Amino acid sequence: MLTESTITTMLPVTDSERAGHFYSDALGLKQTAKGEDGTLYFAAAGGAIGLRPMPDGTQSENTALSFEVGDLPAEVRALEDRGVHFQDFEMEGLKTVDHIAQLGNERAAWFNDSEGNVLCLHEVMG
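Residues numbered from 1 in each chain as written. Predicted model: local features only at pLDDT ≥ 70, side-chain atom pairs only at ≥ 80, totals over all residues. Heavy atoms only, no water.

(A) Representation of helix 1 (residues 16-26) within the structure. Of all the positions in helix 1, only A19, G20, F22, Y23 and A26 are classed as buried. Summarising the contacts, the buried residues of helix 1 are in contact with strand 1 (7-13), strand 3 (40-44), strand 4 (47-53), helix 2 (72-81), strand 9 (106-112) and strand 10 (118-124). For helix 1, the side-chain oxygen to backbone nitrogen distance between the N-cap and E17 is 3.1 Å, and the N-cap itself is D15. Positive backbone phi, at 75°, marks G28, one or two positions downstream of helix 1. (Buried < 20%, exposed > 50% of the residue type's maximum accessible area, 1.4 Å probe, protein only. Helix = DSSP H or I, 4+ residues; strand = E, 2+ residues; numbered from the N terminus. Contact = heavy atoms within 4.5 Å. Polar contact = N/O pair within 3.5 Å; in protein donor to acceptor, adjacent residues only side chain to side chain.)

(B) View of the UniProt feature "domain: VOC" (unreviewed entry) in the protein chain. Listed under "domain: VOC" (unreviewed entry) in the UniProt record, and renumbered for this structure, are residues 5-124. Helix makes up 18% of residues 5-124 and strand 44%, with an end-to-end C-alpha separation of 24 Å. (UniProt positions renumbered as here; feature names shortened; annotations may be inferred.)

(C) Main features of the packing of aromatic side chains. Enumeration over the complete set of coordinates arrives at four aromatic pairs. Geometrically, the ring pair formed by F86 and F111 is edge-to-face, given 5.2 Å between the ring centres and 65° between the ring planes. Of the two residues, F86 sits in the loop between helix 2 and strand 6 (90-91) while F111 sits in strand 9, which places them 25 residues apart along the sequence. Side by side, F86 and F111 carry an identical accessibility label, which is buried. Judged by centre distance (5.7 Å) and plane angle (85°), the rings of F89 and W110 are edge-to-face. Placement of the pair is F89 in the loop between helix 2 and strand 6 and W110 in strand 9, with a sequence separation of 21 residues. Of the residues examined, W110 reaches a relative accessible area of 12% and is grouped as buried. Ring pairs connect the aromatic residues F22, Y23 and F42, which therefore count as one cluster. (Phe/Tyr/Trp six-rings, centres within 6.5 Å; stacked < 30°, edge-to-face > 60°.)

(D) Molecular detail of the pairing of strand 4. Sheet analysis places strand 1 next to strand 4, joined by seven bridges and oriented parallel. By the bridge assignment, P12 is partnered in strand 4 with R52. Strand direction decides the pairing type here: strand 3 and strand 4, joined by five bridges, are antiparallel. Following the sheet pairing, A43 is matched in strand 4 by A48. Between strand 3 and strand 4, which pair antiparallel one after the other, the connecting turn spans two residues, and G46 there sits at a positive phi close to 75°. (Pairing = 2+ DSSP bridges.)

(E) Highlighting the sheet that holds strand 6. The six strands are arranged 5-10-9-8-7-6 in an open sheet whose pairing can be described as mixed. Edge positions in the sheet fall to strand 5 (63-68) and strand 6, since each of these pairs with one other strand and no more. Note: strand 8 (residues 100-103) against strand 9, three bridges, orientation antiparallel. Looking at strand 9, one finds that L103 is bridged to E106. Across the sheet, helix 2 is in contact with strand 8, strand 9 and strand 10; its angle to strand 10 comes to roughly 150°. (Axes fitted to C-alpha atoms, helices over the stretch in contact; angles between N-to-C directions.)

Have a look at this one:
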């Protein structure tokens, strides 16, 4: 039964107003609700994202959420135009060119939201 459930990914945020602006203004997502505990909910294909107020330091150092996109370079440019700053890496096994890393048949680009959560855009190639 869970395979047919709508999934809401919950992300910790320190400042829900700041985070709400980032998700609506920078990422272009539509806020759908606000919970009694202050959680802001945003529509995402196949589910939702909940921005839950939590103490500072609860953010993960690893990717918390990844958006699959059809044209990664175009999405990176569009988000940069909205003020999103992408991470660049140059280490063994991971190197970015124009913010994009090639990982086998997939490529990806990472950025932080306003609260320090690591978000990713990824594209599956052929």
